[in-house]
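# Inside the fold
This is what each chain is made of:
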Amino acid sequence: FVPYVSGKALKDYIMDGISAWWDRLGLQLKVQILIQGCLIVILLAAQQWISIQFEQEVLSAAKERASTVADGAINGLNTLMVTKAGDNTVINDPVGRALFVQKMAASEGIKELRVVRGKGVLDMYGEGLPQEHAVDDLDRTVLTDGKPQFKIIRDGDNKSSLRAVEPFIAKTDFRGTNCLSCHGGAEGAVLGVASVTIDIEKDLATIRHVNTLIWIG
C-alpha cells in the first residue's frame, strides 16, 4: 500500500529538507556557496555571450565575402557595358557574358553565381540567357525592393552554404559610369541582381572548434 502524497505536501517536504540542510551549514560555507554560485552563473552567461558574438563575427565575415563576389560580378558587367568590340559593346555578346559569369563562379569556395535581369533590362534588351531569369522568391524580393538579402542553406548532405543576393541599382554615377545612358528608367531603379552562393563549412567548423575551446577553458 502506497499512501497518496499531494504535490503541495511533496514540495513542502523537499523545501523543509533543503532548509534543514542549509541551517546545518556553517556561515563561511554558506558565503562560499552564495559567492561561487553567483560567479558560476555570471561565467556561464559570459561564455555564452562570447560564443554568440564570435559566431556572429564569423558569419558576418562570410556575408562580406559573398557580397564582395556579387559586387565584383556587378562591377565586371558594368565594365563590359562600356567596353566595345567593333560597333557593339561586349556585354551584348551572350557567349562572352556567360563566359564572364562562368569564370567568376570558378573561384574557390563559390558554389553558384547567377546574374539576373530586372524588368527594365528585360523590356529594353529582351529575355537574354535562360540563367539570367529570377528562379525563386529571394531573387524576386531583391528585384522588387532593391535591398540585399542573405540566406543560410543546408542541403541533403547536411552541408551548409550562404547565399547573398545583391542588387544592381541604376545611378547617374556608378563608379564613374552613368547607368542611365544605357538603361531606361529612373535613377534608383533595380536593373538586376547578382546571386552568389558560397561554401561556409569551414566557417562553421571554426565556430564549433572555438566554442569547444571556450567551454573547455
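Our subject is the structure that appears above.
A brief report on the enclosed structure follows.

Thresholds, definitions, all that
- Residues numbered from 1 in each chain as written.
- Predicted model: local features only at pLDDT ≥ 70, side-chain atom pairs only at ≥ 80, totals over all residues.
- Heavy atoms only, no water.
- Helix = DSSP H or I, 4+ residues; strand = E, 2+ residues; numbered from the N terminus.
- Rg over C-alpha atoms; globule rule 2.2 N^0.38 Å.
- Contact = heavy atoms within 4.5 Å.
- Phe/Tyr/Trp six-rings, centres within 6.5 Å; stacked < 30°, edge-to-face > 60°.
- Buried < 20%, exposed > 50% of the residue type's maximum accessible area, 1.4 Å probe, protein only.
- Axes fitted to C-alpha atoms, helices over the stretch in contact; angles between N-to-C directions.
- Parallel < 35°, antiparallel > 145°, perpendicular 65-115°, else oblique.
- Left-handed = near helix turned anticlockwise from the far one by under 90°.
- Polar contact = N/O pair within 3.5 Å; in protein donor to acceptor, adjacent residues only side chain to side chain.
- Pairing = 2+ DSSP bridges.
- Nonpolar A, V, L, I, M, F, W, Y, C, P; charged D, E, K, R; others polar.
- Core = buried A, V, L, I, M, F, W, Y, C linked by side-chain atoms within 4.5 Å.

## A closer look at the overall build of the chain
When you go through the chain residue by residue, the secondary structure sums to six helices and six strands. Ordered by position in the sequence, the α and β elements of the chain form the string α-α-β-β-α-β-α-α-β-β-β-α. Against the globule reference of 17 Å for 217 residues, the chain gives a C-alpha radius of gyration of 29 Å, more extended than a compact globule. Projecting the C-alpha coordinates of the chain onto the three principal axes gives extents of approximately 95 × 40 × 35 Å. Of the contacts formed within the chain by residues at least 6 apart in sequence, a portion of 61% connects residues at least 24 apart.

## Re the packing of aromatic side chains
Counted under the stated rule, the structure contains one aromatic pair. Between W21 and W22, the aromatic rings sit 6.2 Å apart at their centres with planes inclined by 55 degrees, giving tilted as the arrangement. Judged by its relative accessible area of 41%, W21 is partly exposed. We classify W22 as partly exposed; its relative accessible area is 27%.

## Describing the packing of helix α2 (residues 27-82) against helix α6 (residues 201-216)
The geometry of α2 relative to α6 is characterised by a closest axis approach of 10 Å and an angle of 165 degrees between their N-to-C directions. By the angle between their directions, the pair α2 and α6 is classed as roughly antiparallel. For the crossing formed where α2 meets α6, the hand is right-handed. On the side of α2, the interface is formed by L44, Q47, Q48, I50, S51, F54, E55, V58, L59, A62 and R65, while α6 contributes D203, L204, T206, I207, V210, N211, I214 and W215.

## Description of the side chain of S195
With respect to the element layout, S195 can be found in strand β6 (residues 190-199). A relative accessible area of 0% means that S195 is categorised as buried. Side-chain polar atoms of S195 contact the side chain of R163, separated by 2.9 Å. Ignoring any residue separated from it by four or fewer positions in sequence, one finds S195 in contact with E112, L113, R114, D139, R163, A164 and V165.

## Re the sheet that holds strand β5 (residues 160-169)
In space, the four strands of this open sheet follow the order β3-β6-β5-β4, with antiparallel pairing throughout. With one partner strand each, in any of the chains shown, β3 (110-117) and β4 (149-154) form the two edges of the open sheet. Across the sheet, the mean angle separating the axes of adjacent strands is 15 degrees when strand polarity is ignored. Pairing of β5 with β6, which is carried by nine bridges, proceeds in the antiparallel orientation. The residue of β6 that forms the bridge with E166 is A194.

## With respect to the environment of K119
Turning to its location among the elements, K119 is positioned in helix α4 (residues 119-125). For the pair K119 and S181, spaced 62 residues apart in sequence, the C-alpha to C-alpha distance is 17 Å. Within the structure, K119 has its side chain in polar contact with the side chain of D123 (distance 2.8 Å).

## A word on the packing of α2 against helix α3 (residues 94-105)
Here α2 crosses α3 at 155 degrees, and the two axes come no closer than 11 Å. Classed by the angle they form, the pair α2 and α3 counts as roughly antiparallel. You can see that α2 and α3 cross each other, and the crossing is right-handed. Taking contact as the criterion, the partners of V69, G72, A73, G76, L77 and L80 in α2 are, on α3, R97, F100 and M104. Here the residues of the contact of α2 with α3 are counted per class, giving six nonpolar, two polar and one charged.

## A look at the nonpolar core
Counting 30 residues, the largest nonpolar core has F168, C179, L191, V196, I198 and I200 as the members making the most contacts within it. Mapped onto this core, the elements with two or more residues apiece are α2, β3, β5, β6 and α6. Take this core: its biggest share by element is 11 residues, from α2. Among residues more than four places away in sequence, those in contact with I198 are A62, R65, A66, G109, I110, K111, S161 and L162. Listed in part, the six residues of the second largest apolar core include V116, V142, V165 and V190.

By themselves, these observations are geometric and do not establish any function.
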